Amino acid sequence: MTFIWDYGLGRRLDSSGLPRPWDKTSFESALMDINVEVDPRSFQNWRTGSHKAGRKNIHAISRIASGGDPILQKDWAQALLKAPKVSSAQKQVSVKEPATQPQDVTTTRSVERLFTGSNRYVLMAVLASFAVAILFFLNPSDEAPYLTDFVFCDEANFSRSLQKCEQGIVEFPKETSRVFVSFQPHNIDDGQPFTRKWYFRSVLFLTRESFFDDAWPGYTFYGDGDKPFAEGKYDLRVIIDGKVSTASFIIGAYNPEDVFPSE
């Protein structure tokens with residue numbers, strides 16, 4: 001639970017593409033969105049590990065952390081159900097202050113020399129390089145394209161004026177005959193080509209080529225609006241300069257045993 005909380009799993013990225021940690025208010029709101037009410041005191045208990053969420057709440061937490069992906073939701077649920085509760089002894093160890101150890105004079109003087117004279121500037125340069133390396137891995141490269149707000153919706157939740165899904169949907173009723181999808185690309189050139197590949201039960205059934213130019217409206221859709229979709233799991237892969245982004249949705253009934261990871 002701490003990992004989900006600290007890294008904001010299932011929560012939308014911020015404007016810079018970085019994860020936003022969950023807090024009590026945002027997580028409570030996410031649970032309310034899926035019609036799950038929880039005692040406010042439960043959040044802190046889950047966060048610290050002093051109390052383990054019940055089976056029903058674990059499935060709700062897994063649904064949020066997986067971003068609606070049914071396969072990830074199942075994996076998270078199994079992991080959380082098997083996770084042990086933090087014992088009282090473990091909590092006491094975690095808050096117990098370490099015993100004071102006598103300092104080695106030679107070690108202390110060596111450390112002091114690192115922060116004096118020319119060594120200070122060398123150390124600062126090393127730390128600066130380390131910080132730059134961390135930022136490089138945390139932030140997408142200026143040259144690497146990526147997508148945000150990659151969601152599906154029905155016509156009722158699609159805004160033609162904004163040309164995007166205002167509310168993402170993962171599970172659609174079996175009578176669904178058209179699904180809209182919108183996404184926000186980043187780090188792309190004007191006119192850059194991209195590919196869309198549609199999968200049903202992990203089998204490729206449709207490929208479309210487009211360009212990020214004035215002709216691209218910023219969204220697309222699948223379905224003629226008359227013939228209902230076959231029931232099962234659908235995946236859409238958007239490929240930009242070799243970079244693959246994938247989002248999924250379900251029509252009607254879903255059996256995980258019928259679906260295998262796409263290649």
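Here the structure is a predicted model, which means the values were calculated and not measured.

**Focus on a negative patch on the surface**
Turning to step 1, where the next piece is worked out: Taken together, D189, D190, D213, D214 and D241 make up a surface patch of like negative charges.
Turning to step 2, where the next piece is worked out: Mapping D213 onto the fold places it in the loop between β7 (203-212) and β8 (219-222).

**Comments concerning the sheet that holds β8**
Turning to step 1, where the next piece is worked out: Spatially, β1-β5-β8 is the arrangement adopted by the 3 strands of the open sheet, whose pairing is antiparallel. Looking at strand neighbours, the two that pair on one side only are β1 (146-153) and β8, the edges of this open sheet. With direction set aside, neighbouring strand axes in the sheet form an average angle of 20°.
Turning to step 2, where the next piece is worked out: The pairing of β1 with strand β5 (residues 179-186) spans 6 bridges and is classified as antiparallel. In the strand pairing of β5, F152 is matched with V181.

**Some points on the environment of Q184**
Turning to step 1, where the next piece is worked out: Relative to the helices and strands, Q184 resides in strand β5.
Turning to step 2, where the next piece is worked out: On the basis of relative accessible area, Q184 is assigned to the partly exposed category, the value being 40%.
Turning to step 3, where the next piece is worked out: Sequence separation of Q184 and D149 is 35 residues, and the distance between their C-alpha atoms is 5.9 Å.

**So, the packing of helix α4 (residues 55-65) against helix α5 (residues 70-82)**
Turning to step 1, where the next piece is worked out: Contact pair α4 / α5: the axes reach a minimum separation of 8 Å and the direction vectors enclose 135°. Classified by the angle their axes make, α4 and α5 are oblique. As for the relative orientation of α4 and α5, their crossing is right-handed in sense. Facing α4, whose interface residues are R55, I58, H59, I61, S62, R63 and A65, α5 presents Q73, W76, A77, L80 and L81.
Turning to step 2, where the next piece is worked out: Grouping the constituent residues of the contact of α4 with α5 by class yields 7 nonpolar, 3 polar and 2 charged.

**Brief notes about the packing of aromatic side chains**
The geometry of an aromatic ring pair is captured by two quantities: the separation of the ring centres and the angle between the planes.
Turning to step 1, where the next piece is worked out: Applying the stated criterion across every chain yields a total of 21 aromatic pairs.
Turning to step 2, where the next piece is worked out: Ring geometry for F158 and Y219: centres 4.6 Å apart, planes at 55°, overall tilted. Residue F158 is located in strand β2 (residues 158-159), and its partner Y219 is located in strand β8; the two are separated by 61 residues in the primary sequence. Grouping residues by exposure puts F158 and Y219 together as buried.
Turning to step 3, where the next piece is worked out: Measuring from centroid to centroid gives 5.2 Å for Y222 and F229, while their planes differ by 45°, and the two rings are tilted.
Turning to step 4, where the next piece is worked out: Judged by its relative accessible area of 8%, F229 falls in the buried class.
Turning to step 5, where the next piece is worked out: Its guanidinium or amino end placed over the ring of Y199, R237 lies 5.2 Å from that ring's centre, counting from NZ or CZ.

**Comments concerning the confidence of the model for the chain**
Turning to step 1, where the next piece is worked out: Mean pLDDT for the chain: 75, with 67% of residues reaching 70 or above.
Turning to step 2, where the next piece is worked out: Within the model, the stretch residues 132-141 combines pLDDT values under 50 with 6 contacts to residues more than four positions away or in other chains.
Turning to step 3, where the next piece is worked out: Contacts of residues 259-263 to residues separated by more than four positions or lying in other chains number 11 contacts, the stretch itself having pLDDT below 50.

**Focus on the nonpolar core**
Turning to step 1, where the next piece is worked out: If you look at the biggest cluster of nonpolar residues, it comprises 21 residues, and the most contacted ones within it are F150, F152, F183, V238 and F249.
Turning to step 2, where the next piece is worked out: Tallying contributions element by element places strand β9 (residues 232-240) first for this core, with 4 residues.
Turning to step 3, where the next piece is worked out: Ignoring any residue separated from it by four or fewer positions in sequence, one finds F249 in contact with F152, I169, V170, F172, V179, W198, F229, G232, K233 and Y234.
Turning to step 4, where the next piece is worked out: If you look at the next biggest cluster of nonpolar residues, it comprises 15 residues, including F27, V38, I58 and I64.

Reading the values: the criteria
- Residues numbered from 1 in each chain as written.
- Predicted model: local features only at pLDDT ≥ 70, side-chain atom pairs only at ≥ 80, totals over all residues.
- Heavy atoms only, no water.
- Patch = residues over 30% accessible without salt bridge, like charges linked within 9 Å, V, L, I, M, F, W, Y side chains within 5 Å.
- Areas by Shrake-Rupley, 256 points an atom, 1.4 Å probe, with all protein chains shown as cover.
- Salt bridge = Lys/Arg side-chain N within 4 Å of Asp/Glu carboxyl O.
- Lys, Arg positive; Asp, Glu negative; His and termini not counted.
- Charge placed at Lys NZ, Arg CZ, Asp CG, Glu CD.
- Helix = DSSP H or I, 4+ residues; strand = E, 2+ residues; numbered from the N terminus.
- Pairing = 2+ DSSP bridges.
- Axes fitted to C-alpha atoms, helices over the stretch in contact; angles between N-to-C directions.
- Buried < 20%, exposed > 50% of the residue type's maximum accessible area, 1.4 Å probe, protein only.
- Parallel < 35°, antiparallel > 145°, perpendicular 65-115°, else oblique.
- Left-handed = near helix turned anticlockwise from the far one by under 90°.
- Contact = heavy atoms within 4.5 Å.
- Nonpolar A, V, L, I, M, F, W, Y, C, P; charged D, E, K, R; others polar.
- Phe/Tyr/Trp six-rings, centres within 6.5 Å; stacked < 30°, edge-to-face > 60°.
- Lys NZ or Arg CZ within 6 Å of the ring centre and 35° of its normal.
- pLDDT = per-residue confidence, 0-100.
- Core = buried A, V, L, I, M, F, W, Y, C linked by side-chain atoms within 4.5 Å.

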